[in-house]
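Okay, here's what each chain looks like letter by letter:
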Amino acid sequence: MQSLSRFTEYAPSVVLRALRGSKSLREWRFRYELLTRDNIRIRDLDNVVGGSVAHEFLAETKRTAKFVIQDDGTINFLNQRVRPWAGVKMPDGGYMEWPLWRVRARRRLPAR
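Residues numbered from 1 in each chain as written. Predicted model: local features only at pLDDT ≥ 70, side-chain atom pairs only at ≥ 80, totals over all residues. Heavy atoms only, no water.

Comments concerning the sheet that holds strand S5 (residues 81-89)
Working step 1: Ordered by their spatial adjacency, four strands build an open sheet running S2-S1-S5-S6, and the pairing between neighbours is antiparallel. Each edge of the open sheet is held by one strand with a lone partner, namely strand S2 (41-45) and strand S6 (95-99). Geometrically, the sheet is characterised by an average inter-axis angle of 30 degrees between neighbouring strands, direction not taken into account.
Working step 2: Direction of pairing for S5 relative to S6: antiparallel, over a ladder of five bridges. Directly across from valine 88, in S6, lies its bridge partner methionine 96.
Working step 3: Of the strands in this sheet, strand S1 (28-35), S5 and S6 touch helix H1 (residues 12-20), which is tilted by about 95 degrees from S5. (Pairing = 2+ DSSP bridges. Helix = DSSP H or I, 4+ residues; strand = E, 2+ residues; numbered from the N terminus. Axes fitted to C-alpha atoms, helices over the stretch in contact; angles between N-to-C directions. Contact = heavy atoms within 4.5 Å.)

A short note on the nonpolar core
Taken as a class, soluble globular proteins show a tendency for nonpolar side chains to be buried jointly.
Working step 1: The biggest cluster of nonpolar side chains holds eight residues, and these are Tyr10, Val15, Ala18, Ala86, Val88, Met90, Met96 and Trp98.
Working step 2: Once residues lying within four places of it in the same chain are set aside, the contact partners of alanine 18 are Arg26, Val88, Lys89 and Met90. (Core = buried A, V, L, I, M, F, W, Y, C linked by side-chain atoms within 4.5 Å. Buried < 20%, exposed > 50% of the residue type's maximum accessible area, 1.4 Å probe, protein only.)

Examining the side chain of arginine 83
Working step 1: On the secondary structure map, arginine 83 appears in strand S5.
Working step 2: A relative accessible area of 13% means that arginine 83 is categorised as buried.
Working step 3: For arginine 83, the side chain forms a polar contact with the side chain of glutamate 33, separated by 2.8 Å. (Polar contact = N/O pair within 3.5 Å; in protein donor to acceptor, adjacent residues only side chain to side chain.)

Points about the packing of aromatic side chains
Working step 1: Tallied over the entire structure, the rule returns three aromatic pairs.
Working step 2: Between the aromatic rings of tryptophan 28 and phenylalanine 30, the centroid separation amounts to 6.4 Å while the plane-to-plane angle is 15 degrees, which identifies the pairing as stacked.
Working step 3: Take tryptophan 28: its relative accessible area is 36%, and that puts it in the partly exposed class.
Working step 4: An angle of 75 degrees between the planes, with centres 5.8 Å apart, marks the rings of tryptophan 28 and tryptophan 98 as edge-to-face. Taken together, the residues tryptophan 28 in strand S1 and tryptophan 98 in strand S6 connect sequence positions 70 residues apart.
Working step 5: An aromatic cluster of at least three residues, connected via ring pairs, comprises Trp28, Phe30 and Trp98.
Working step 6: The ring of tryptophan 85 has arginine 31 sitting right over it, with the charged end atom 4.7 Å from the ring centre. (Phe/Tyr/Trp six-rings, centres within 6.5 Å; stacked < 30°, edge-to-face > 60°. Lys NZ or Arg CZ within 6 Å of the ring centre and 35° of its normal.)

Considering the environment of valine 48
Working step 1: In this structure, valine 48 sits in strand S3 (residues 48-55).
Working step 2: The spatial distance from the C-alpha of valine 48 to the C-alpha of phenylalanine 30 is 9.9 Å, given a sequence separation of 18 residues.

Points about the pattern of salt bridges
Working step 1: Here the structure, examined in full by the defined rule, presents eight salt bridges.
Working step 2: When the shortest N-O distance is used, the salt bridge between glutamate 97 and arginine 31 registers 3.1 Å. Placement of the pair is glutamate 97 in strand S6 and arginine 31 in strand S1, with a sequence separation of 66 residues.
Working step 3: Given a relative accessible area of 15%, glutamate 97 falls into the buried group.
Working step 4: Since its relative accessible area comes to 23%, arginine 31 is described here as partly exposed.
Working step 5: In this structure, glutamate 33 engages arginine 41 in a salt bridge whose closest nitrogen and oxygen atoms are separated by 3.3 Å.
Working step 6: Under the relative-accessibility criterion, arginine 41 is labelled partly exposed at 44%. (Salt bridge = Lys/Arg side-chain N within 4 Å of Asp/Glu carboxyl O.)

Below you can see the structure in the form of structure tokens.
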């Protein structure tokens, strides 16, 4: 389980109650960031029109995600990446958000 303190100012007990839906139904939102090849944020994407996540317990790759993006010609799909974020609505009306994948530093090979 990921640490809740990395992404929010909410107390872990408050976040867990919101995730479990103890007081009411959970309200989710998703947003998507466009990143460079080196994982530097460029902007939020507003042209994602749908998506899905699959979990295959026995597969080598356990989770996969598919997004439907309306192509407006501004994304270089060969050199840019999309990072999805999930958010659950908190009792005060704000959202607790976290990325759905971690950015890993790219290992640079020494120049020859």
